[in-house]
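Architecture and fold: a report
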Amino acid sequence: GGPSAGGGGPPPGGGDEDGEEMRAQMESFISETSTTWADIGGLDDVQHDLKRAVALGSVANKPEAVSATERILLFGPPGTGKTLLASAVAGSLDATFFKVELGNLLSKWYGESSKQISALFETAAELSPSVVFLDEVDSLAQSRDGDMNETSRRVLDTLLSELDGVEKGSDDFVLTLAATNTPWHLDNAIKSRFPKRIHVPLPDVDAATEIVRIHTVHGGVDFDGHPSAFLDDPQRARDADTPERAIARRCVDDGYTGRDMEALSSAAVNNMIARRNPDLAHLVDDSVKRLRSHALDVGAILPQDVTHAFATTSPSLPEEDVARFYDWNDEYGSHT
């Protein structure tokens, strides 16, 4: 994907100058992505649901009764990989990827936000195939029964009408993905516009093992030590046949998100580097130029590095919050 002229009509937004400026703003949302499904640790069920929905939307010849799911809501705790999943969808389709943080759009273009939403979908259709990723959809789509200012209400109404779909050209493929960390705040009208609502949960042990590997072994840093040495409690030793799995087991039991695990892995690597390169900080005083050619002493991550990482990196989510996502999924989620 990527910006390219298409459609042949005037740019979104009206008059030439205004239209060009609006088009430039829309293209500022385009995010280059080379993310593929292989970059995602676990989430196999979620990946399967997404791939199936994308496949249905992409097939041109199908009966009218076979509905293409072109709108999908991803919900779950922060740090579970919702943005990564959206990037993988775009990367796998080689699609233009529009990454829009709705909270920023509301504050940055106050008063213009409604036009922005319309122009966004128009530009996405022109640069088809496109994936429009609406992050923080709850910032815009809070329940209309609640306290919503006039701008948010206008933007919500515009978004609803865009999601209902202006007549698309037969060659246009625009998949709209939305993400929220607080699905219970969503307006009912928004819920109804996203017929596919997919729970992106905290990682299980297999997924957690893969996440730890991605941020250590796959990045060129190994582990050294018996798996049990990486555990704080023998009770956790079940199926921990590698250091990565032992760490993953501990993370899952304690409720770490994928992002928490990335931070934990990074802390363990950094502790190993600090342990093996005690003079690194002093080299800065000497010469930054010399640092460019400095040979870093890199070894394996030891149990003590992981112990230090756990001591300084804790889970970011209370248990009751995790339970709330499962309750919402039982009531409103899509179950295949």
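Residues numbered from 1 in each chain as written. Predicted model: local features only at pLDDT ≥ 70, side-chain atom pairs only at ≥ 80, totals over all residues. Heavy atoms only, no water.

The next point concerns the overall build of the protein chain. If you tally the helices and strands in the protein chain, you get 15 helices and five strands. Counting all 336 residues of the protein chain, 47% fall into the buried class. In the form shown here, the protein chain has an accessible surface area of approximately 16,700 Å², with 47% of it arising from carbon and sulfur atoms. (Helix = DSSP H or I, 4+ residues; strand = E, 2+ residues; numbered from the N terminus. Buried < 20%, exposed > 50% of the residue type's maximum accessible area, 1.4 Å probe, protein only. Areas by Shrake-Rupley, 256 points an atom, 1.4 Å probe, with all protein chains shown as cover.)

Once that is clear, we can look at the confidence of the model for the protein chain. For the protein chain, per-residue confidence averages 82 on the pLDDT scale, and residues scoring 70 or more make up 87% of the total. Counting contacts from residues 1–11, a segment whose pLDDT is below 50, to residues more than four positions away or on other chains yields 19 contacts. (pLDDT = per-residue confidence, 0-100. Contact = heavy atoms within 4.5 Å.)

For Arg-245, the position within the fold is in helix 10 (residues 243–254). At 3.5 Å, the side chain of Arg-245 and the side chain of Thr-209 are in polar contact. Residues contacting Arg-245, with those up to four places away along its chain left out, are Val-205, Asp-206, Thr-209, Asp-239 and Ala-240. (Polar contact = N/O pair within 3.5 Å; in protein donor to acceptor, adjacent residues only side chain to side chain.)

One finds Phe-98, Leu-120, Val-132, Leu-134, Leu-159 and Ile-190 to be the most contacted residues of the largest nonpolar core, which totals 34 residues. Residues contacting Leu-120, with those up to four places away along its chain left out, are Met-26, Phe-29, Phe-98, Val-100, Val-132 and Leu-134. (Core = buried A, V, L, I, M, F, W, Y, C linked by side-chain atoms within 4.5 Å.)

Our focus in this paragraph is helix 10. Between the first and last C-alpha of helix 10 there are 17 Å, a value that for twelve residues agrees with the 16 Å anticipated at 1.5 Å per step. In terms of burial, helix 10 is largely enclosed, as nine of its twelve residues are buried. Listed in full, the buried residues belonging to helix 10 are Pro-243, Glu-244, Arg-245, Ala-246, Ile-247, Ala-248, Arg-249, Arg-250 and Cys-251. Lining the buried residues of helix 10 we find helix 9 (205–214), helix 11 (258–276) and helix 14 (303–312). (Expected span 1.5 Å × (residues − 1).)

Strand order in the open sheet formed by five strands is 2-3-4-1-5, with parallel pairing between adjacent strands. Across the chains shown, the open sheet's two edge strands, defined by having one partner strand only, are strand 2 (96–101) and strand 5 (196–199). Neighbour-to-neighbour, the strand axes of this sheet turn through a mean angle of 20°, independent of strand direction. Summarising the sheet, strand 2 and strand 3 (residues 130–135) pair through six bridges and their orientation is parallel. Within strand 3, the residue paired with Phe-98 across the bridge is Val-132. Set on the sheet, helix 3 (residues 82–93) makes contact with strand 1 (71–75), strand 2, strand 3 and strand 4 (174–180); between it and strand 3 the angle comes to about 170°. Each of strand 1 and strand 5 touches helix 15 (residues 319–332); the most contacted strand, strand 5, lies at about 155° to it. (Pairing = 2+ DSSP bridges. Axes fitted to C-alpha atoms, helices over the stretch in contact; angles between N-to-C directions.)

Taking 1.5 Å of rise per residue, 19 residues should cover 27 Å, and helix 11 covers 27 Å from first to last C-alpha, within 8% of that figure. Taken together, the buried positions of helix 11 are occupied by Gly-258, Asp-260, Met-261, Leu-264, Ser-265, Ala-267, Ala-268, Val-269, Asn-271, Met-272 and Ile-273.

The space that makes up the second largest pocket amounts to roughly 500 Å³. Those elements that provide at least two residues to the lining of the second largest pocket are helix 3, strand 4, helix 9 and helix 11. Broken down by class, the residue content of the lining of the second largest pocket amounts to nine nonpolar, nine polar and seven charged. (1 Å grid on protein atoms, 1.4 Å probe; cavity = no way out; pocket = protein on both sides within 12 Å on 5 of 7 lines; lining within 4 Å. Points joined across faces, edges and corners; volume = space filled by probe spheres on them. Nonpolar A, V, L, I, M, F, W, Y, C, P; charged D, E, K, R; others polar.)

With that out of the way, let us pick up the packing of aromatic side chains. One pass over the full model with this rule turns up six aromatic pairs. Measuring from centroid to centroid gives 6.3 Å for Phe-97 and Phe-133, while their planes differ by 25°, and the two rings are stacked. Of this pair, Phe-97 sits in strand 2 while Phe-133 sits in strand 3, and the two are 36 residues apart along the sequence. The buried category is assigned to Phe-97, whose relative accessible area is 1%. According to the relative accessible area criterion, Phe-133 is buried, its value standing at 0%. Seen from their ring centres, Phe-223 and Phe-230 are 5.8 Å apart, and the 85° between their planes marks the pair as edge-to-face. Accessibility classification places Phe-223 together with Phe-230 in one group, the buried group. Each residue in the set Phe-75, Trp-328 and Tyr-332 is aromatic and connected to the rest through ring pairs, giving one cluster. (Phe/Tyr/Trp six-rings, centres within 6.5 Å; stacked < 30°, edge-to-face > 60°.)

A word on the packing of helix 2 (residues 44–58) against helix 3. Interhelical geometry of helix 2 versus helix 3 gives an angle of 40° and a closest axis separation of 11 Å. Considered as vectors, helix 2 and helix 3 are oriented oblique to each other. With respect to the hand of their crossing, helix 2 and helix 3 are arranged in right-handed fashion. Contact residues: helix 2 offers Val-46, Gln-47, Leu-50, Val-54 and Ser-58, while helix 3 offers Leu-85, Val-89 and Leu-93. Across the contact of helix 2 with helix 3, the residue classes break down as six nonpolar, two polar and no charged. (Parallel < 35°, antiparallel > 145°, perpendicular 65-115°, else oblique. Left-handed = near helix turned anticlockwise from the far one by under 90°.)

Counted by the stated rule, this structure contains eight salt bridges. For Glu-244, the salt bridge identified is with Arg-213, shortest N-O distance 3.0 Å. Of this pair, Glu-244 sits in helix 10 while Arg-213 sits in helix 9; the two residues are 31 residues apart in sequence, bridging distant segments of the chain. Residue class for Glu-244 comes out buried when judged on its relative accessible area of 10%. Residues Asp-297 and Arg-276 are paired through a salt bridge, measuring 3.2 Å at the closest nitrogen-oxygen approach. One end of the pair, Asp-297, is in the loop between helix 13 (288–292) and helix 14; the other, Arg-276, is in helix 11, with 21 residues separating them in the sequence. (Salt bridge = Lys/Arg side-chain N within 4 Å of Asp/Glu carboxyl O.)

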